[in-house]
Amino acid sequence: MLTLYYAPGTCALATHLALEYAGVPYEAVRLNFKEQQQRSAEYLRINPKGRVPALVTPQGVLTETPALLQYVAQVHPEAKLAPLDDPFRLAKMNEFNSYICSTVHVAHAHGARGYRWTDDPQAIEAMKKKVPQTMAESFELIETRMFQGPWVLGEHFSTSDLYLYTVARWLQGDQVDVQRFPKIADLLRRLEAQPQVQKVLAAQRA
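Computed from a predicted model, the values in this text were never measured in an experiment.

1. Quick look at the overall build of the chain
In terms of regular secondary structure, the chain is built from 8 helices and 4 strands. Order of helices (α) and strands (β) in the chain, N terminus to C terminus: β-α-β-α-β-β-α-α-α-α-α-α. At 17 Å, the chain has a C-alpha radius of gyration in line with the 17 Å of a compact globule built from 206 residues. Viewed in the frame of its principal axes, the chain has a C-alpha envelope of about 50 × 45 × 35 Å. Out of the 206 residues in the chain, the part that is buried amounts to 48%. The contacts in the chain between residues at least 6 apart in sequence include a share of 62% that link residues at least 24 apart. A total accessible area of about 10500 Å² is found for the chain, and carbon and sulfur atoms account for 52% of it.

2. Side note on the packing of helix H3 (residues 65-75) against helix H4 (residues 87-112)
Two numbers describe how H3 lies on H4: the axes approach to 9 Å, and their chain directions differ by 150 degrees. Judged by the inter-axis angle, H3 sits roughly antiparallel to H4. Where H3 crosses over H4, the two elements pack in a sense that is right-handed. Packed against H3, whose contacting residues are Pro-66, Leu-69 and Gln-70, the element H4 presents Leu-90, Met-93, Asn-94, Asn-97 and Cys-101 at the interface. Here the contact of H3 with H4 is built from residues that sort into 5 nonpolar, 3 polar and no charged.

3. A word on helix H7 (residues 182-192)
Buried within H7 are the following residues: Ile-184, Ala-185, Leu-187, Leu-188 and Leu-191. Within H7, the buried residues cover an arc of 155 degrees as seen down the axis, which keeps them to one side. Contact partners of the buried residues in H7: helix H1 (12-22), helix H5 (121-146), helix H6 (159-168) and helix H8 (195-205).

4. Overview of the environment of Val-152
Examined against the element boundaries, Val-152 turns out to sit in the loop between H5 and H6. The exposure class assigned to Val-152 is buried, which follows from its relative accessible area of 0%. The spacing of Val-152 and Ile-142 is 10 residues in sequence and 8.8 Å in space, taken between C-alpha atoms. If near-sequence neighbours (up to four positions away) are discounted, Val-152 is found in contact with Phe-96, Met-146, Phe-147, Ser-160, Asp-161 and Leu-164.

5. Side note on the packing of aromatic side chains
Following the criterion strictly, the structure yields 4 aromatic pairs and no others. Taken together, a centroid distance of 6.1 Å and an interplanar angle of 35 degrees make the contact between Phe-139 and Phe-181 tilted. Residue Phe-139 is located in helix H5, and its partner Phe-181 is located in the loop between H6 and H7; the two are separated by 42 residues in the primary sequence. Judged on exposure class, the residue Phe-139 and its partner Phe-181 are both buried. The lysine or arginine in question, Arg-190, covers the ring of Trp-151, its NZ or CZ lying 4.4 Å from the ring centre.

6. Points about the side chain of Ser-160
Of note, Ser-160 is situated in helix H6. The contact partners of Ser-160, leaving out residues within four places of it in the chain, are Met-93, Phe-96, Asn-97 and Val-152.

7. Observations regarding the sheet that holds strand E4 (residues 60-63)
The 4 strands are arranged E2-E1-E3-E4 in an open sheet whose pairing can be described as mixed. Across the chains shown, the open sheet's two edge strands, defined by having one partner strand only, are strand E2 (26-30) and E4. The sheet shows a mean angle of 20 degrees between the axes of neighbouring strands, direction not considered. Relative to strand E3 (residues 54-57), strand E1 (residues 2-6) is paired through 3 bridges, and the arrangement is antiparallel. Each residue of the ladder has a partner; that of Thr-3, found in E3, is Val-56. Docked against the sheet, H8 engages E1 and E2, running at close to 35 degrees with respect to E2.

Definitions and limits used
- Residues numbered from 1 in each chain as written.
- Predicted model: local features only at pLDDT ≥ 70, side-chain atom pairs only at ≥ 80, totals over all residues.
- Heavy atoms only, no water.
- Helix = DSSP H or I, 4+ residues; strand = E, 2+ residues; numbered from the N terminus.
- Rg over C-alpha atoms; globule rule 2.2 N^0.38 Å.
- Buried < 20%, exposed > 50% of the residue type's maximum accessible area, 1.4 Å probe, protein only.
- Contact = heavy atoms within 4.5 Å.
- Areas by Shrake-Rupley, 256 points an atom, 1.4 Å probe, with all protein chains shown as cover.
- Axes fitted to C-alpha atoms, helices over the stretch in contact; angles between N-to-C directions.
- Parallel < 35°, antiparallel > 145°, perpendicular 65-115°, else oblique.
- Left-handed = near helix turned anticlockwise from the far one by under 90°.
- Nonpolar A, V, L, I, M, F, W, Y, C, P; charged D, E, K, R; others polar.
- Arc of directions from axis to C-beta.
- Phe/Tyr/Trp six-rings, centres within 6.5 Å; stacked < 30°, edge-to-face > 60°.
- Lys NZ or Arg CZ within 6 Å of the ring centre and 35° of its normal.
- Pairing = 2+ DSSP bridges.

In structure tokens:
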């Protein structure tokens, strides 16, 4: 059985959702960031990076959301979470997920974790002030150039929709109104009505 280590409000939600959509047995283990459980010796033996998500598989531990999403999709092709039979569209899925991971998530992290990049208090404050602009610019690009509709990759649902859903939930805290992006706002509404999403959100709130 797969074991997912996660914390509420983090990018680990995307993998949690993918596991639920795959319909396979898994265990979700919550880490308490306020208690620094991600830095505990026990967890660092699982993921030396001290971050979430981490997915314990029969073959070993995987980290980094794009890798976890593709793993779940490939191990459970019956769930149709990725266009596994089309190399180009699969690459487009990975292109989108990589953009979320390397650009959007980093822009968001500048708001609360600027200390990862600098020890200068003024620089940290400047990064915080920039977050609404950089997040809005990233989502404008997704809305106008990357989101094909009705799902990210067009007619077929994929892990990219789950990843976009996850980070779009951060917009309000980043002082960006998601209604500026009608296609993304519509995706949020549609996914939040689905039972898999409701189940995972309830579990993460419990």
